[in-house]
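Chain residues, written in single-letter form:
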Amino acid sequence: MVQQYIGASITRKEDERFLTGRATFVDDVKLPGMVHATFVRSPHAHARIVAIDTAAALAMPGVVAVFTYDDIASLAKPIPVRLYPLPSLEPFLQYPLAQDKVRYVGDPVAIVIADSRYVAEDALDVIDVTYEPLQAVVDIEESLRDEIIIHEAPGTNLAAHYVVSTGDIDQAFRDAEYTRKERFKTNRHTGNPLETRGMVVAYDSGELTVWGATKVPHFNREVLSSLLDFPEEKMHFIEGDVGGGFGIRGEFYPEDFLVPFAAIRLGRPVKWTEDRLEHLIAANHSRDILCDIEIAMKKDGTILGIRAQVYGDMGGYIRTHGSLVPASTAGLLMGPYNVPAYECGVHCVITNKTGVGTFRAPGRYESCFIRERLLDMAAADLGIDPAELRFKNLIQPSQMPYNAGRTRADGDTIFDSGNYPQALTRALDEIGYAETNPKRWVDDAGRYHGIGIATYVKNTGRGPFEGARIVISGTGDVAVYLGITTMGQGHETTMAQICADSLGVSMEAVTIYHGNTDYIPFGGGTYGSRGTVMGGNAVHLACQNMKERILSLASTYLDTEPANLVLQTGEIFRKGAEHGPALLSLGEVAGLAENAGSDEEDSGTLEITAYFEADQLTFSYGSHAAHVAVDPETGKIEIIRYVVVEDIGRAINPLMVHGQAVGGAAQGIGATLLEELVYDDSGQLLAGSFMDYLLPTSTDVPPIESIVLEEAPSPLNPLGVKGAGEGGIVATGATLANAVSNALAPLGVQITQLPLSPSFIVKLLSS
Amino acid sequence: MTTERNIRLTVNGKAYESLVPVRMTLVDFLRGELDLTGTHVGCEHGVCGACTILVDGSATRSCLMLAVQADGANLMTVEGLADGPELHPLQRAFQRNHALQCGFCTPGLLMTAYEFLRDTSNPTEEQVREGISGNICRCTGYAPIVQAILDVSQEAG
Ligand code: FES
Ligand code: FES
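As the structure is a computational prediction, the values presented were derived from the model and not from experiment.

S.K.: Would you mind showing me how to read the packing of helix α11 (residues 364–382) of chain A against helix α19 (residues 732–744) of chain A here?
M.R.: Two numbers describe a pair of packed helices, the interaxial angle and the distance between the axes. Residue and element names in this part refer to chain A. Taken N-terminus to C-terminus, the directions of α11 and α19 make an angle of 30°; their axes are 7 Å apart at the nearest point. Taken as axis vectors, α11 and α19 run roughly parallel relative to one another. Of the two elements, α11 crosses α19, and the hand of that crossing is right-handed. Counting all contacts with α11, which are made through Y365, C368, F369, E372, R373 and D376, the residues of α19 involved are T732, G733, A734, A737, N738 and S741. Within the contact of α11 with α19, the residues separate by chemical class into five nonpolar, four polar and three charged.

S.K.: Please clarify how the confidence of the model for chain B should be interpreted in this entry.
M.R.: Any region with low pLDDT has predicted coordinates that should not be read closely. Considering every residue of chain B, the mean pLDDT works out to 96; 98% of them sit at 70 or more. Of the two predicted TM-score estimates for the complex, the pTM is 0.96 and the ipTM is 0.98.

S.K.: Is there a simple way to explain the nonpolar core in this structure?
M.R.: A general tendency of soluble globular proteins is for nonpolar side chains to be buried together. Judged by nonpolar contacts, the single largest core of 168 residues is most densely connected at F415(A), I751(A), L756(A), F94(B) and I149(B). Counting residues per element, this core draws most heavily on α11(A), which supplies ten residues. In contact with F415(A), not counting residues within four places along its chain, are L332(A), M334(A), G335(A), I395(A), M400(A), P401(A), Y402(A), A404(A), Y420(A), V457(A) and F619(A). Formed by 48 residues, the second largest nonpolar core is a distinct cluster that contains I498(A), V505(A), A538(A) and A554(A).

S.K.: Looking at this structure, I do not really get the interface of chain A and chain B. What am I missing?
M.R.: Frequently, the measure chosen for interface size is the accessible area that the parts lose on association. Taken together, the 52 residues of chain A in the interface contact 46 residues of chain B. Between chain A and chain B lies a buried interface of about 4,000 Å² when both sides are counted; carbon and sulfur atoms form 56% of it. Contact with chain B buries surface across chain A, with L19(A), Y118(A) and L194(A) losing the most and accounting together for 20% of the total. Applying the counting criterion to the chain A and chain B interface returns five salt bridges.

S.K.: Is there a simple way to explain the sheet that holds strand β25 (residues 584–585) of chain A in this structure?
M.R.: Whether parallel or antiparallel, the strands of a sheet pair through hydrogen bonds between backbone atoms. All names here are of chain A. The strand order across the open sheet built from three strands is β23-β24-β25, with neighbouring strands paired in antiparallel fashion. With partners counted over all chains shown, the strands left at the sheet margins are β23 (565–568) and β25, one partner each. Bridge count between β23 and strand β24 (residues 571–574): four bridges; the pairing is antiparallel. In the strand pairing of β24, L567 is matched with I572. Strand contacts of helix α15 (residues 531–558): β23, β24 and β25, with the helix running at about 130° to β23, the strand carrying the most contacts.

S.K.: In this structure, what is going on with the sheet that holds strand β4 (residues 101–102) of chain A? I would like to understand it.
M.R.: Residue and element names in this part refer to chain A. What the three strands build is an open sheet, ordered β4-β2-β6; its pairing is antiparallel. In this open sheet, the two strands that pair with only one neighbour each are β4 and β6 (128–133). As judged from the two bridges shared by strand β2 (residues 47–53) and β4, these two strands associate in the antiparallel manner. Considered in β4, the bridge of A47 is made with V102.

S.K.: Looking at this structure, I do not really get the domain arrangement of chain A. What am I missing?
M.R.: Residue and element names in this part refer to chain A. Taken domain by domain, chain A holds domain 1 (15–22 + 463–613), domain 2 (31–134 + 194–244 + 249–282) and domain 3 (286–461 + 617–766). Relative placement of domain 1 and domain 3: their C-alpha centres are 39 Å apart. The partner domain 3 presents 19 residues to the 17 residues of domain 1 that form the contact. Across the interface of domain 1 and domain 3, roughly 1,200 Å² is buried in total on both sides, 65% from carbon and sulfur atoms. A per-residue breakdown of the area domain 1 buries against domain 3 is headed by S529, V533 and N537, which together make up 37% of the total. Taken together, the links from domain 1 to domain 3 amount to zero salt bridges. Summed over the shared surface of domain 1 and domain 3, the result is eight residue pairs in polar contact (both at pLDDT 80 or more). Of all elements in the fold, only α14 (491–503) and α15 reach the threshold of two or more residues within the side of domain 1 that touches domain 3. No other element matches the six residues that α15 contributes to the side of domain 1 that touches domain 3.

S.K.: Can you walk me through the domain arrangement of chain B in this structure?
M.R.: Residues and elements named next belong to chain B. Splitting chain B by domain gives domain 1 (4–80) and domain 2 (89–156). Between the C-alpha centres of domain 1 and domain 2 there is a distance of 22 Å. Residue-level contacts link 18 residues of domain 1 with 14 residues of domain 2. Surface buried jointly by domain 1 and domain 2 totals about 1,200 Å² across both partners, of which 62% is contributed by carbon and sulfur atoms. At the boundary of domain 1 with domain 2, the tally comes to zero salt bridges. Across the domain 1-domain 2 interface, the total number found is six residue pairs in polar contact (both at pLDDT 80 or more).

S.K.: Help me understand unusual backbone geometry, please; the structure alone is not making it clear to me.
M.R.: The general pattern is negative phi for most residues beyond glycine and trans for most peptide bonds. Residues and elements named next belong to chain A. Geometrically, the link from N437 to P438 is a cis peptide bond, its omega value of -5° lying close to zero. Residue placement: P438 occurs in the loop between α13 (420–431) and β18 (440–442). Of the consecutive residues G463 and P464, the connecting peptide bond is found in the cis state with omega at 5°. Take P464: it is sitting in the loop between β19 (448–460) and β20 (465–472). At S529, a position not held by glycine, the phi torsion is positive, near 50°. Turning to its location among the elements, S529 is positioned in the loop between β22 (510–513) and α15. In this structure S529 comes out as buried when scored by relative accessible area, which is 13%.

Rules used in this analysis
- Residues numbered from 1 in each chain as written.
- Chains lettered and ligands numbered in written order.
- Predicted model: local features only at pLDDT ≥ 70, side-chain atom pairs only at ≥ 80, totals over all residues.
- Heavy atoms only, no water.
- Axes fitted to C-alpha atoms, helices over the stretch in contact; angles between N-to-C directions.
- Helix = DSSP H or I, 4+ residues; strand = E, 2+ residues; numbered from the N terminus.
- Parallel < 35°, antiparallel > 145°, perpendicular 65-115°, else oblique.
- Left-handed = near helix turned anticlockwise from the far one by under 90°.
- Contact = heavy atoms within 4.5 Å.
- Nonpolar A, V, L, I, M, F, W, Y, C, P; charged D, E, K, R; others polar.
- pLDDT = per-residue confidence, 0-100.
- Core = buried A, V, L, I, M, F, W, Y, C linked by side-chain atoms within 4.5 Å.
- Buried < 20%, exposed > 50% of the residue type's maximum accessible area, 1.4 Å probe, protein only.
- Buried area = accessible area lost by both parts, 1.4 Å probe.
- Salt bridge = Lys/Arg side-chain N within 4 Å of Asp/Glu carboxyl O.
- Pairing = 2+ DSSP bridges.
- Domains from an automatic or database assignment.
- Polar contact = N/O pair within 3.5 Å; in protein donor to acceptor, adjacent residues only side chain to side chain.

Laid out in structure tokens, this is it:
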């Protein structure tokens, strides 16, 4: 195979429409007769709904309809969990509209439909909902006391609790020469894609078309079909262009039922475009974890065991991610280290806040912060250099594949391949660790400098399957239809690279189609860095099958054996004579397929659908290193250098892999330094706009040095790839907290919670 | 009280006349009435910069301005940047540097950068970072955007 595309930093095929303003995002979709939706949302964190008066709204010119729980009652079913389900979570699921109680500020109470979004918003002001406010619970420990019950039926706020364990934890602590126990907390924040959520739904002649789907359209179609009791084959989910995902976007939310419901009831297209203030209270929050952890070690720094309790603040309802955030915190809390004994309790705790879902590297950003901070504290106590302590405990390449034991409720965690020490060495070399002595100092301006490091491992490429369909036309053009979706990852380019090389055609001949449930019967979607691993290998597999079919058709026609032919740059050559004249073009082979007559296998269009299956996860890994300077007067942290080293097995397009690493790191740096969805005691969100919720800007994000390694291809798939979407963000909280703690150690500061805002640093220094 | 008013304005060299509700924002007018959907809305409260266009030559957040305030103005949006099929140097530099992922922030950033480069010759990296600090990008981490803008200034210089 002549490989020319995989591994090349090719600029993106899809860029032009975005650069010229011709892309089609969901709010760009406009249909004749379209009406607009807005939502009445609870202003209370916890209250009983006494009455809803919609008369004044319905009397307003331009208002088409208002639907409350009573209107959906006959269909009302809870929104099911997509990932990490547990039976005990069931009574805590969210219905599309609140029935008799609201459980967070933003809980939808009614949907309003009007001629324009302006009028629909006016109507919100005159809908009179009478509430009987109840006392709110916004704190994990308070919630666990069950003095105020948020969901009456189950009678507790603890929605799930289970324990994972591996090895003999009691023995580990009996044998310990050193132990340390700490409590850590990560800040509630969220992904904030720049495009808010939205959808346009049209109902016409019994067919339902939904624009604005992304992430998991096939799954969401199945859910909507079951909730609306509407045949799945008559539903068409269309993705269009998407302004960022990051975990939050594309899950099945209450609005994903209500807008289609309204479109069917009214027989008119309905558009909903979320506004940013709404997004901050209605779309998933993430990362709100409290963790008590204790480590047992030998005096030389060898880890004997870790035990922990992880509490996830889930908000008012369990949403589509089930127990994922706390479960994943527990799942990789032991990290890339030899931890012979591990035990962790996982608790899903309901509070009167917005529901929780994933944000890029969910649970792993959290667990990395918790573990890597504790390792630095232990290193200091034991008088061992933090890097040396890590080298002593990192899993060695000779141990791969490595079974870390039962750290998840659903099975063992098995690291597929890797050279973890090498990634750490590389990060240390880049930051100049060995030469920087001491590793903390005070400069002439009185600023405290420190170096911090952290290592991580992150599961990617979740199965069980992913599909791709390839159609070759008479002109020789190759159309590839994907089951995965795209929110900015550049799949129209990377998947074309894979296709071109795997099939033996030029990239220009390949066009990628994605995000339409009509393209392919089944699709797993895009989340958890699975796009290239699952989607890429599906394309590769479909190409392999297609190539076999092409060579078989050509060999019959040329009266030779397939083994005597090669497909290269879109043409068939005799093997060994690839520089000679082509025997057939791809278009001609497509013609052969058309005319192949009744021989079943070879007749009809030149088309192949293939599904790549995987029952194991691939694990990307790496290390981050940072040099920070902290001003003790203002609490401001300057990041002087930030290094990301990530091994993803094999890079399809290094330009884009670096883009993912740098973009992810920028998000993590912002989240670590600035972002927090703060609630007051009554459950009001205090950071409900971009004035109060600060996202990182070009002057906040330092230059990020990204190093991509390809030392350990995954043995689990033919391309050898691992996911590349999350390595940039995973270790940002850990690395910055370690660097700041190191810098401020002479002042007695040890970071145990995030974010590291200037006011928080000043507070730490004054206490 | 008049709730609608007639306005005339020029967008990307083309003249328009329209009766608009007085409370309609300029960005809603461009997107909804003129179908110029290249200009995006990310926050509707003046922070993210996704809606940035040029109003009489200066970069303006079109979510913070009413359509009626643009009466008589000369506007330029992302749709007006390329010269027919020929991309503007900024657009080419964005592509070369992988300065867009989801592309939602891109139109606002291009317009901000357009004004910035017009007004600043040979900028330093710091000046570029300052110049685009009112535009949020959630995907790229900014470095490739900064590089793209520096590239264009060097080509021009
Ligand atoms: S939409 Fe105008 S600044 Fe964000
Ligand atoms: S490219 Fe997605 S927000 Fe900038």
